[in-house]
Amino acid sequence: LKANDNVYVYDPYHVEGDSKKTEENLKRELDATERESYRKIRKSYRFGELYKNFTGRSYLVNYPRPPPSHFMWRADYFNQTHWVTTRETHFASMPPQDKLFRIRAKG
C-alpha cells in the first residue's frame, strides 16, 4: 500500500505481458455477458490510470459515465445567473399549522 493510492485492482484473468494466456483465461471462465462486464471494468481501470498520470489524483467512478439525467444549464461565464419559473410552491419557512392540510392525490 502506498500513500495517496486509493484504487487497488486484482485481475484474476489478466496475465501481464501475455495477451494470449489472458484471452484463454477469459474464454474458459466467463460467458458473453460476464466478458462484456469485464471489458467495461478494464476500460474504466485503464482510464483511471491515464487520469491519475495526468492529474495526480485517482478517478473514483466508472468510465465512461452515463450522461446527466437532469437538465443542466450552460455556464458560459463566471457568476452567470439563470432564472427559472415554476408552478411548484417554494417555502422559505414552514407555513403556520392552521394552513397545513393533508395532501390529496388530485386538486
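Above this text you will find the structure in question.
So, how was this worked out
- Residues numbered from 1 in each chain as written.
- Predicted model: local features only at pLDDT ≥ 70, side-chain atom pairs only at ≥ 80, totals over all residues.
- Heavy atoms only, no water.
- Patch = residues over 30% accessible without salt bridge, like charges linked within 9 Å, V, L, I, M, F, W, Y side chains within 5 Å.
- Areas by Shrake-Rupley, 256 points an atom, 1.4 Å probe, with all protein chains shown as cover.
- Salt bridge = Lys/Arg side-chain N within 4 Å of Asp/Glu carboxyl O.
- Helix = DSSP H or I, 4+ residues; strand = E, 2+ residues; numbered from the N terminus.
- Phe/Tyr/Trp six-rings, centres within 6.5 Å; stacked < 30°, edge-to-face > 60°.
- Buried < 20%, exposed > 50% of the residue type's maximum accessible area, 1.4 Å probe, protein only.
- Contact = heavy atoms within 4.5 Å.
- Arc of directions from axis to C-beta.

A. A nonpolar patch on the surface, seen in detail. A contiguous nonpolar patch, built from Val7, Val9 and Leu60 and spanning about 270 Å² of accessible area, is present on the exposed surface. Assignment of secondary structure puts Val9 in the segment before α1 (19-29).

B. A look at the packing of aromatic side chains. Summed over all chains, the structure comprises five aromatic pairs. Between the aromatic rings of Tyr13 and Tyr38, the centroid separation amounts to 5.7 Å while the plane-to-plane angle is 80°, which identifies the pairing as edge-to-face. Taken together, the residues span a long stretch of sequence, with Tyr13 in the segment before α1 and Tyr38 in helix α2 (residues 32-55) at a distance of 25 residues. Aromatic side chains Phe47 and Tyr51 sit 6.1 Å apart centroid to centroid with 35° between the ring planes, which places their arrangement in the tilted category. Of this pair, Phe47 and Tyr51 both sit in helix α2, separated by four residues, roughly a single helical turn. Each member of the aromatic cluster is reached from another via a ring pair, and the members are Phe47, Tyr51 and Tyr59.

C. Structural view of the side chain of Thr22. Among the structural elements, Thr22 can be located in helix α1. Taking relative accessible area as the criterion, Thr22 reaches 8% and is therefore assigned buried. Apart from the residues lying within four places of it in its own chain, the contact partners of Thr22 are Tyr13, His14 and Val15.

D. Representation of α1 within the structure. Where α1 is concerned, the buried positions are Thr22, Asn25 and Leu26. Projected onto a plane normal to the axis of α1, the buried residues spread over an arc of 95° and lie on a single side. Those residues of α1 that are exposed and aimed more than 90 degrees away from the buried face are Lys20, Lys27 and Arg28. Those residues of α1 that are buried lie in contact with α2.

E. Summary view of unusual backbone geometry. With a phi angle near 65°, Asn79 is a residue other than glycine that sits in the positive phi range. Looking at the element boundaries, Asn79 is found in the segment after α2.

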